[in-house]
Amino acid sequence: MKRLLMASALAGAMFANTAIAAEDLPQANDAYFLSAQQTLQQKLMEQDNTNQAKNIILFVGDGMSIPTVTAARIFEGQKRGVDGESNSLIFGQFPNVALSKTYTNDAQIADSAPTASAMVAGVKINNGTIGVSKEVSRGDCEAQKANPIKSIAAQAEERGMSTGWVSTARLTHATPAANYVHTADRNWESDSDLSDAAKAAGCPDIAAQMIAWNEGGDGFEVAMGGGRRMFIDKTMEDPEDSGKMGQRSDGRDLTKEWLKANGEGAAYVWNQEQLDKLDLTKTKKVLGLFDRSHMEYEADRAKDAAGEPSIAEMTGKAIDILSKNENGFFLMVEAGRIDHAHHAGNAARALEDTVALNDAVKEAMSKVNLNDTLIIVTADHSHTMSISGYAERGNPILGTSQGKADDDKPYTTLGYMNGPGALKDEVRSDLSNVDTTDIDFLQQALVPMSSETHAGDDVAIFAAGPWSHLFHGVVEQNFIYHVMAHASKIQDRMAAK
Ligand SMILES: [Zn+2]
């Protein structure tokens, strides 16, 4: 309230004072100075939005560390032929930002399972587990059955809201699964993946839980991503990749079961053409499984056999369906493969997928109103990529720095602390004649590991819309849920049944 009064009643005087002071300085006409003055005035005009959030969209860049965001911002600008360093991603323009502490109940450095639950259910739990309390250790099926936690998606369903999740990873992967699953092990994606003990004790696999999910409501309205093989039996051939089979051992085709259970208005699609042909005015629910495993990296998407939608297209279609509900919706959108590219030590693909996520945020912004929709863009955990050296302004972000290292060889601006980029390098290889901007180039790394690891540094939370101003300072990752619940007043909403 204080801020609001200052901004309105005293605005004139404050601006006048700033302007006089600025004019006196020798740097007053410098373009950087003027631009920062403009930013100051914009910020002084900003007012907290305390509306009820009818809708919530949670974007998660899996492994989208702060260096990933910075490098992607430069990369995106350079791709468009504009200045990269001063460029802004769309979510970089959001008014509110906080830092998120990503450690978990049992780990200094997180995997994507407990972090997703932290964001959608408000507590820190153990690495490898999803949708269960911290009393559950990884792999303990008996404990899983006794200790579920409830996601904001389940609560939204209880209140008659629509729910959905979109991911470029498998829909049974940790981040999207946190919306609907209760599992002691993130790897139990199909029944073939269950441990013998879990099978004997009757813990259902993740894909089966997704199809059966009706916690509090009528199940999800939208689920789009990859992971088709988790939903069909190993005797069933994949529709896209001839000769490749499903992964289940129980003879089930969960896509058919889901269609049957949801009746008229429900659609199952597995390629771009089918998605494009959907009449969204008549579609009440959609299950889209566009790849046997994870969807393609954005850089490779055009080469996909049957054609795959972009994360932006999936986000747009999801909002079209979800926004038909006057009670509002909860949607999670995960750019799941930023993480995979980092694990491969492949910065170019990580940046391309981050730009694709930025396009998805843009698409969402074009379809919703920030007066009634809270949009959050964050990451579940960091990665070891750093931006280092003394590159000149305008140097390609995937290129080599000016000058040489002490071994008299060039070095790239982007590098990893560990990963496959180190394997060949007992003596650091000479990059003088290597195109480091190539999409397949693996950045050099210090510690040899076949898969580059996650990192433990804080990630950013960017937010716009109702109550997004609650995101400031350094907060625990599980605080994200509490802001979403508060902004949407979900506890005060009438139960649907
Ligand atoms: Zn990972």
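Residues numbered from 1 in each chain as written. Predicted model: local features only at pLDDT ≥ 70, side-chain atom pairs only at ≥ 80, totals over all residues.

## Overview of the overall build of the protein chain
Across its full length, the protein chain holds 16 helices and 15 strands. Taken over the C-alpha trace, the protein chain has a radius of gyration of 24 Å; the compact-globule value for 497 residues is 23 Å, and the two agree within 12%. A principal-axis box enclosing the C-alpha atoms of the protein chain has dimensions of 75 × 65 × 45 Å. Counting only residues that meet the buried cut, the protein chain has 50% of its 497 residues in that class. Partitioning the intrachain contacts of the protein chain with sequence separation of at least 6 by distance along the chain shows that 70% fall at a separation of at least 24. (Helix = DSSP H or I, 4+ residues; strand = E, 2+ residues; numbered from the N terminus. Rg over C-alpha atoms; globule rule 2.2 N^0.38 Å. Buried ≥ 20, exposed ≤ 12 C-beta atoms within 10 Å, placed from the backbone. Contact = placed C-beta atoms within 7 Å.)

## Structural notes on the environment of H294
Here H294 shows up in the loop between β6 (285-289) and α13 (311-322). Sequence spacing of H294 and L171 is 123 residues, and the spatial spacing of their C-alpha atoms is 8.4 Å. With residues up to four places along the chain from it excluded, the contact list for H294 reads T168, A169, R170, G226, G336, R337 and H340.

## What about the pairing of strand β8 (residues 373-379)?
The element β8 is extensively covered by neighbouring structure, given that seven of its seven residues are classed as buried. What you see with β8 is no split at all: T373, I375, V377 and A379 on one side and L374, I376 and T378 on the other are buried throughout. Inspection of the sheet shows strand β1 (residues 55-61) paired to β8 by seven bridges, in the parallel sense. Looking across to β8, one finds that V60 is bridged to T378. (Pairing = 2+ DSSP bridges.)

## Overview of helix α5 (residues 112-121)
Counting buried positions along α5 yields ten of ten residues, so the element is predominantly enclosed. For α5, the full list of buried residues reads S112, A113, P114, T115, A116, S117, A118, M119, V120 and A121. Next to the buried residues of α5 lie β1, α7 (152-158), α8 (174-177) and α16 (479-488). At the C-terminal side of α5, G122 shows a positive phi close to 85°.

## Thoughts on the sheet that holds β6
If you walk across this open sheet you meet the ten strands as β5-β6-β4-β3-β7-β1-β8-β14-β2-β15, and the pairing is mixed. Every interior strand has two partners, whereas the edge strands, β5 (266-269) and β15 (474-476), have only one. The average undirected angle you get between the axes of adjacent strands in this sheet is 15°. Alignment of β8 against strand β14 (residues 459-464), held across four bridges, turns out to be antiparallel. Bridging across to β14, I376 finds its partner in A463. Strand contacts of helix α15 (residues 347-367): β1, β7 (329-335) and β8, with the helix running at about 170° to β1, the strand carrying the most contacts. Sheet strands touched by α16: β1, β8, β14 and β15. Its angle to β8, the strand with the most contacts, is close to 175°. (Axes fitted to C-alpha atoms, helices over the stretch in contact; angles between N-to-C directions.)

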